[in-house]
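Fold and contact review
For reference, the chains in residue letters:
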2 protein chains.
Amino acid sequence: MPRAGLSRAAVVTLALEVVDTEGFAGLTLAAVAARAGVAVPSLYKHVGGLPDLRRAVALRCVEEFTAQLRTVATTERTGPPDERAAQSVRALARAVRAFALAHPGRYAAVQGGAWAHDPGASEIHEAAGRSVAVIAKALEPLGLAPRSGAGATAPLSEVDAVRTVRALVHGFVMLELDGGFGLPDDVERSFERALDLMIAGFLALRAEG
Amino acid sequence: MPRAGLSRAAVVTLALEVVDTEGFAGLTLAAVAARAGVAVPSLYKHVGGLPDLRRAVALRCVEEFTAQLRTVATTERTGPPDERAAQSVRALARAVRAFALAHPGRYAAVQGGAWAHDPGASEIHEAAGRSVAVIAKALEPLGLAPRSGAGATAPLSEVDAVRTVRALVHGFVMLELDGGFGLPDDVERSFERALDLMIAGFLALRAEG
DNA sequence: AGAGTCGGCTAATAGCATTAGCTTCTCTGC
DNA sequence: GCAGAGAAGCTAATGCTATTAGCCGACTCT
């Protein structure tokens, strides 16, 4: 009975391969065990079960995702603050979309659906918070109020802006991945126009605030 | 052996109840059978199996969703065209979010993930197309070009605008439902600011195009 | 009333996760 | 160099899911 030489890290790595081919929802212990050349129950020596494995995979994906964003965000920008913010947010948005299109399964793992309401996922929450912080940092040159006061007519705050960026990019990517864009019109170009629109909106709303 | 008096429509209705409590991913024949007071295999007399049931549920949800949008969209607007478009798109966006928050499972069913790449779902595709058409109609007063020519710098087209609206609203709602907004800041208000921003962006991009 | 269809049932199969308990490999300490 | 311990594999068994096959009672129509 030769040993397969598994470990928690190795199992998670194999699980990532499954996620890449079958999607995050298609992650199954049976598929991982098959790749490892091992019987399914053997995996329980390394992970606590399917929920635990899903959490571990999500954590790795969030960290990888954040690392990608950070790489893009640390590029030095020149020019006036508004221009720097526009360049940064555009670069970040492109990085998010590129990640999602390259690794749809991992992108799905990054999204909270699976773990947001999971009490044992505080580590993932913290890691996800770091990725949001990267976006917030990119928007800093716009000089928005960090957060806004009460009232329905309060001006755009940084929290609002970060949420808008995340929503637009995430929504676009999800619709694209889910085949939600029926028309053959160039999706690439639509994405750039959406970013144009968002950036113009930032400047317009800040001006009138 | 008394009869339960089921039918395809009745089964789908029970399935919708399951979707409302367990989510679209939690839809299971076992749960539907339990609600119907019937053994699981009996359901096969009325639906073709779980994939078929999922399609039927999705179709109903898409139609219900579209009906909601239409109700909102047919309200008569007054004022200049830009103002009418702004009011319409804002009302539609609010309707989408309200639907999603009221029936998260049904909203998930509306999204293409489950059926977009399913060959037997052409009926759903057509129904979904009708909901997109409602949004396109609302944006009409803006007077955008129906679609745009080639080239990375082409101006904003109606196709781009519809995609932007869908992406922003869908992304916002998904993040909200998935618990993606960690901060306690008022989500309601952020949504309104995002709509402000989008509408301002439409006007800005059309002006310069 | 009788025939046929329809709508329920039980039984059986197969894929999944999980637990229990056994065996064997490997490494460490003497 | 060997003994023991613990780690890492295994098989077997349970329970949940969907699905198919085949049975049988009940409604309907003539």
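Provided above is the structure to which this section pertains.
Now for a look at the structure at hand.

Quick word on the overall build of chain A
Scanning chain A from N- to C-terminus turns up 8 helices and 0 strands. When the helices and strands of chain A are placed in sequence order, the string is α-α-α-α-α-α-α-α. Overall size of chain A, expressed as C-alpha extent along the three principal axes, is 70 × 40 × 35 Å. Each of the 209 residues in chain A was classed as buried or not, and the buried ones make up 44%.

Considering the protein's contact with DNA strand C
Near DNA strand C you find 21 residues, and of these L29, P41 and G49 of chain A together with A4 and A39 of chain B are the closest. For the surface near DNA strand C, the elements supplying multiple residues, two or more each, are α2 (29-36) and α3 (50-73) of chain A. In terms of residue class, the surface near DNA strand C is made up of 14 nonpolar, 4 polar and 3 charged.

Overview of the interface of chain A and chain B
With 43 residues of chain A at the interface, the matching set in chain B holds 43 residues. Of all the secondary-structure elements, those providing two or more residues to the side of chain A that touches chain B are α7 (158-177) and α8 (187-208) of chain A. Taken together, the residues of the side of chain A that touches chain B sort by class into 20 nonpolar, 13 polar and 10 charged.

Comments concerning the protein's contact with DNA strand D
In the vicinity of DNA strand D, 21 residues are found, and the nearest of them are A39 and S42 of chain A together with T28, P41 and G49 of chain B. Secondary structure elements with two or more residues in the surface near DNA strand D: α2 (29-36) and α3 (50-73) of chain B. Grouping the constituent residues of the surface near DNA strand D by class yields 14 nonpolar, 4 polar and 3 charged.

Some words on the relation of the copies chain A and chain B
Between chain A and chain B, the superposition needs a rotation of 180 degrees and an axial shift of 0.0 Å, giving an RMSD of 0.0 Å. Interpreted geometrically, this transformation is the action of a two-fold axis. A symmetric contact is evident, with 100% of the interface residues of chain A recurring at the interface of chain B.

A short note on the nonpolar core
A15 and V57 of chain A together with A15 and V57 of chain B are the most contacted members of the largest nonpolar core, which totals 130 residues. When neighbours within four sequence positions are excluded, A15 of chain A is seen to be in contact with L27, V32, L53 and V57 of chain A.

Considering the packing of helix α4 (residues 81-102) of chain A against helix α6 (residues 122-139) of chain A
Residue and element names in this part refer to chain A. Direction vectors running N to C along α4 and α6 enclose 155 degrees, while the axes themselves pass 8 Å from each other. The angle between α4 and α6 places the two elements in the roughly antiparallel class. Contacts between α4 and α6 involve A85, S88, V89 and L92 on the former and, on the latter, I135, A138 and L139. A per-class count over the contact of α4 with α6 returns 6 nonpolar, 1 polar and no charged.

Remarks on the packing of helix α4 (residues 81-102) of chain B against helix α7 (residues 158-177) of chain B
Residues and elements named next belong to chain B. Remark: α4 packs on α7, axes separated minimally by 10 Å, with the N-to-C direction vectors making an angle of 30 degrees. One finds that α4 runs roughly parallel with respect to α7. For the pair α4 and α7, the sense of crossing is right-handed. For the pair α4 and α7, contact is made by V89, A93, V96, R97 and A100 and by V165, V169, V173 and L177, respectively. Of the residues in the contact of α4 with α7, the class split is 8 nonpolar, no polar and 1 charged.

Quick look at α4 of chain A
End to end, α4 of chain A covers 31 Å across 22 residues, agreeing with the expected 32 Å (1.5 Å per residue, within 8%). Looking only at α4 of chain A, the buried set comprises A85, A86, S88, V89, L92, A93, V96, R97 and A100 of chain A.

Examining the environment of T66 of chain B
Residues and elements named next belong to chain B. Mapped onto the elements, T66 comes out in helix α3. A C-alpha to C-alpha distance of 33 Å links T66 and T153, two positions 87 residues apart in sequence. What T66 contacts, discounting residues up to four positions off in sequence, is A127, R130, S131 and V134.

What counts, and at which threshold
- Residues numbered from 1 in each chain as written.
- Chains lettered and ligands numbered in written order.
- Predicted model: local features only at pLDDT ≥ 70, side-chain atom pairs only at ≥ 80, totals over all residues.
- Helix = DSSP H or I, 4+ residues; strand = E, 2+ residues; numbered from the N terminus.
- Buried ≥ 20, exposed ≤ 12 C-beta atoms within 10 Å, placed from the backbone.
- Near = placed C-beta within 6 Å.
- Nonpolar A, V, L, I, M, F, W, Y, C, P; charged D, E, K, R; others polar.
- Contact = placed C-beta atoms within 7 Å.
- Least-squares fit on C-alpha atoms with pLDDT ≥ 70 in both.
- Core = buried A, V, L, I, M, F, W, Y, C linked by C-beta atoms within 7 Å.
- Axes fitted to C-alpha atoms, helices over the stretch in contact; angles between N-to-C directions.
- Parallel < 35°, antiparallel > 145°, perpendicular 65-115°, else oblique.
- Left-handed = near helix turned anticlockwise from the far one by under 90°.
- Expected span 1.5 Å × (residues − 1).

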